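An overview of the molecular structure
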Amino acid sequence: MRILYIVLPLVCCLFSCTKIDRANRMLTQMEGEWIIEKSERWSILKDGSTDKFEDLTDAGEIMISPDEAFDLGGTKVIDMSYTNFQGQGFSISTLLVTDEDRTRVILKNLLCNELFECDLYLQIEERSRNTMVWTTHFFVKGGPTHYSRFANPTEADFNTKWTLTLKRQ
Amino acid sequence: MKRLTSVLCAMLTSWSMSFTFAQEVFLPYLYADYDFATIDASEINSFYNSFNSYFENSLAVPYETLTGNEFAHPNFGIGIRFMSGMDKPLGFTSNFILSRGQKHHVNTATWVDDLQHEVDLRIRDWTFGISVGAQLKSILSAELHVTGYIRSMLLTYSTIYQDGSRSITPEYKLNGLYWSSNVELHYGPQVSLRLGGVALTARYSLPINSFLESSKYDIGFLQTETNHFPPTDFPRDMQMWVEEPIQFLEEDNSVKAGFFTGSRFVIGIEFTPFLSKK
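First, a word on what this report is: a plain description of the structure on this page. Each chain carries its own residue numbering, running from 1 in the written order of its sequence. A letter from A marks each chain and a number from 1 marks each ligand, given out in the order of writing. Owing to the predicted nature of the model, reporting of local features is limited to residues with pLDDT of at least 70; listing and counting of side-chain atom pairs is limited to 80 or more, with chain, interface and lining totals taken over all residues. Water and hydrogen atoms were dropped before computing side-chain values, which therefore reflect all heavy atoms in the structure.

Moving on: the environment of A:Arg129. Residue and element names in this part refer to chain A. The numbering of helices and of strands both runs from the N terminus, where a helix is a DSSP run of H or I of at least 4 residues and a strand a run of E of at least 2. Inspection of the secondary structure puts Arg129 in the loop between strand S6 (120-127) and strand S7 (131-140). Throughout this description, buried means an accessible area under 20% of the type-specific maximum (1.4 Å probe, protein chains only), exposed means over 50%, and partly exposed covers the range between. For Arg129, a relative accessible area of 69% corresponds to the exposed category. Residue contacts for Arg129: discarding those within four places in its chain leaves Trp34 and Arg168. It only takes one pair of heavy atoms within 4.5 Å for two residues to be counted as in contact.

Right, let's talk about the side chain of B:Thr110 for a bit. Residue and element names in this part refer to chain B. Considering the arrangement of structural elements, one finds Thr110 in strand S5 (residues 90-111). A relative accessible area of 13% places Thr110 in the buried class. Other than its neighbours up to four places away in sequence, Thr110 contacts Leu59, Ala60, Val61, Leu115 and Gln116.

Now for the packing of aromatic side chains. All names here are of chain B. Geometry of aromatic contacts follows a simple scheme: Phe, Tyr and Trp rings, the Trp one being its six-membered ring, pair when their centres are within 6.5 Å, and the pair is stacked under 30 degrees between planes, edge-to-face over 60, tilted otherwise. Under the defined criterion, the tally for this structure stands at 23 aromatic pairs over all chains. Here the aromatic rings of Tyr48 and Tyr63 are separated by 5.0 Å at their centres, their planes lie at 45 degrees, and the arrangement is tilted. In this pair, Tyr48 sits in helix H2 (residues 42-54) while Tyr63 sits in the loop between strand S3 (59-61) and strand S4 (73-84), placing the two residues 15 residues apart along the sequence. With centroids separated by 5.7 Å and ring planes inclined at 75 degrees, the aromatic side chains of Phe51 and Trp111 adopt a geometry described as edge-to-face. Remark: Trp111 occurs in strand S5 and Phe51 occurs in helix H2; sequence separation between them is 60 residues. Per residue, the accessibility class of Phe51 equals that of Trp111, and both read buried.

Residue and element names in this part refer to chain B. Lining residues are those with an atom within 4 Å of a point, where the points come from a 1 Å grid over the protein atoms alone and group into cavities, where a 1.4 Å probe fits but cannot get out, or pockets, open sets with protein on both sides within 12 Å along at least five of seven lines. Grid points are joined across faces, edges and corners, and a volume is the space filled by probe spheres set on the points. Per the counting criterion, the structure on display carries four cavities of 30 Å³ or more. Roughly 50 Å³ of volume is contained in the second largest cavity. Every residue lining the second largest cavity is listed: Arg81, Met83, Gln135, Ser138, Ile139, Leu140, Ser141, Ser192, Arg194 and Ala199. Elements with a minimum of two residues in the lining of the second largest cavity: S4, strand S7 (140-160) and strand S9 (176-195). Residues are grouped as follows: nonpolar covers Ala, Val, Leu, Ile, Met, Phe, Trp, Tyr, Cys and Pro; charged covers Asp, Glu, Lys and Arg; every other residue, Gly included, is treated as polar. Counted by class, the lining of the second largest cavity contains four nonpolar, four polar and two charged residues.

Looking now at the environment of B:Phe71. Residue and element names in this part refer to chain B. Inspection of the secondary structure puts Phe71 in the loop between S3 and S4. With 63 residues separating them in the primary sequence, Phe71 and Ala134 have C-alpha atoms 32 Å apart. Once you skip the residues sitting within four places of it in the chain, Phe71 turns out to touch Ala37, Ile39, Leu66, Lys103, His105, Leu121 and Ile123.

Looking along a regular strand, one sees side chains alternate from face to face of the sheet. All names here are of chain A. Pairing geometry for strand S3 (residues 76-83) and strand S4 (residues 89-98), over eight bridges, is antiparallel. Each bridged residue has a counterpart across the sheet, and for Ser81 the counterpart in S4 is Ser91. The pairing criterion is simple: DSSP has to find at least two bridges between the two strands. Where S3 folds back onto S4 in an antiparallel hairpin, the turn is made up of five residues, including Gly87, whose phi is positive at roughly 85 degrees. For S4 and strand S5 (residues 104-107), the ladder comprises three bridges, and the chain directions are antiparallel. Considered in S5, the bridge of Thr98 is made with Val105. Between S4 and S5, which pair antiparallel one after the other, the connecting turn spans five residues, and Arg102 there sits at a positive phi close to 55 degrees.

Before going further, it helps to examine H2(B). Across its 13 residues, H2(B) extends 18 Å between first and last C-alpha, which sits within 8% of the 18 Å expected from 1.5 Å per residue. Listed in full, the buried residues belonging to H2(B) are B:Glu43, B:Ile44, B:Asn45, B:Phe47, B:Tyr48, B:Ser50, B:Phe51 and B:Asn52. Every helix has an expected span of 1.5 Å times one less than the residues it contains.

If you roll a probe as big as a water molecule over the atoms, it shows you where there is empty space left. Residue and element names in this part refer to chain A. In this structure, the second largest pocket spans a volume of roughly 440 Å³. Along the walls of the second largest pocket sit 17 residues, with Leu111, Leu120, Phe138, Thr145 and Trp162 positioned nearest its centre. At the level of secondary structure, the elements contributing two or more residues to the lining of the second largest pocket comprise S4, strand S8 (145-146) and strand S9 (158-168). Counting residues per element, the lining of the second largest pocket draws most heavily on S9, which supplies three residues. The residue inventory of the lining of the second largest pocket, partitioned by class, reads 10 nonpolar, three polar and four charged.

Right, dumping it as structure tokens:
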């Protein structure tokens, strides 16, 4: 009977230590080829109304594959090509990670090549085997679109929301 | 689901192993309690106060400050009680419990343009408790307990836009998930009243860590997957965080997990569905 005093806490501790593994498993389940089935962008105005200024289908492709260079289990390689409603696009190959709560995916150094403030965060709104919906927000101040710089939202002229709907190929 | 299965397996194992020696008995039981847990709210309030003061002219509704009683919560778990000397007026009893509970508290500030910022602070407690004491006619017992708490805390800072969409991506720099944890050791008295297969318990506890003032400042609330320059810690002083980030780092001015502890009063119930034969 005394063994229970030791076994019960140990069993519970072991199961509570699986958080990191769940994050890794989620990234592994994302591996494969995806098409950006929809790319939608809205302006969110201060009165609560929205103005949809991008509504694209087949806006690009995403390939998520194992990170063979630094495969510690927590990173994948994402190759992404995307073209927006103005015909401007980008094609990148960078690292993909997630947070411990598996609520966001993070594209490392997507925005620039500096050491800081260059990652793009996408909130996972929906995730199933064959569909994912990722969303991120920006703010617009004095014309340009900004990301990850200010603490006071009233400094923004307005905000924008970008939603990507991905389908597995 | 995996956790639930493991707990149920452990319970079934312990019941199948329950046994009685003459006047000694092991009683595995299901356990539930309500923990009137308190925290030292001064730490998180320093963030709320500094935020309200720094953005005073831009806020329509500032953050409310906490009283420290917001994190009272129920716990559920299992335990096993050993009782000896049951044929005598005065006997010996000891007890082990394992339980888990959580609570979250939401605090919202509204800016003048109706955009909102929200702090959702979630606390999860694993409780491991051992007590020893004397029992009177196997009905009433008075014990001393030592209880360990592993407390994990997740602070989610999000922006709610005017159209209702919610964001935890860092277009506003404070948005994100901040993790921290705290290991506490408590001690104190416990009494229980047993009526057949049910025992009502009450215990009061004080944190032993509170005597070690320096340990309070060891662990902050951190974002592990961000690369803001500086800093990534959740700030205690908003003005310093925005205007003097280097000084913020030098002074390690983040909210510290060691303050999220305090005295606890717990009322619980031990329920033994299949009481062992005497």
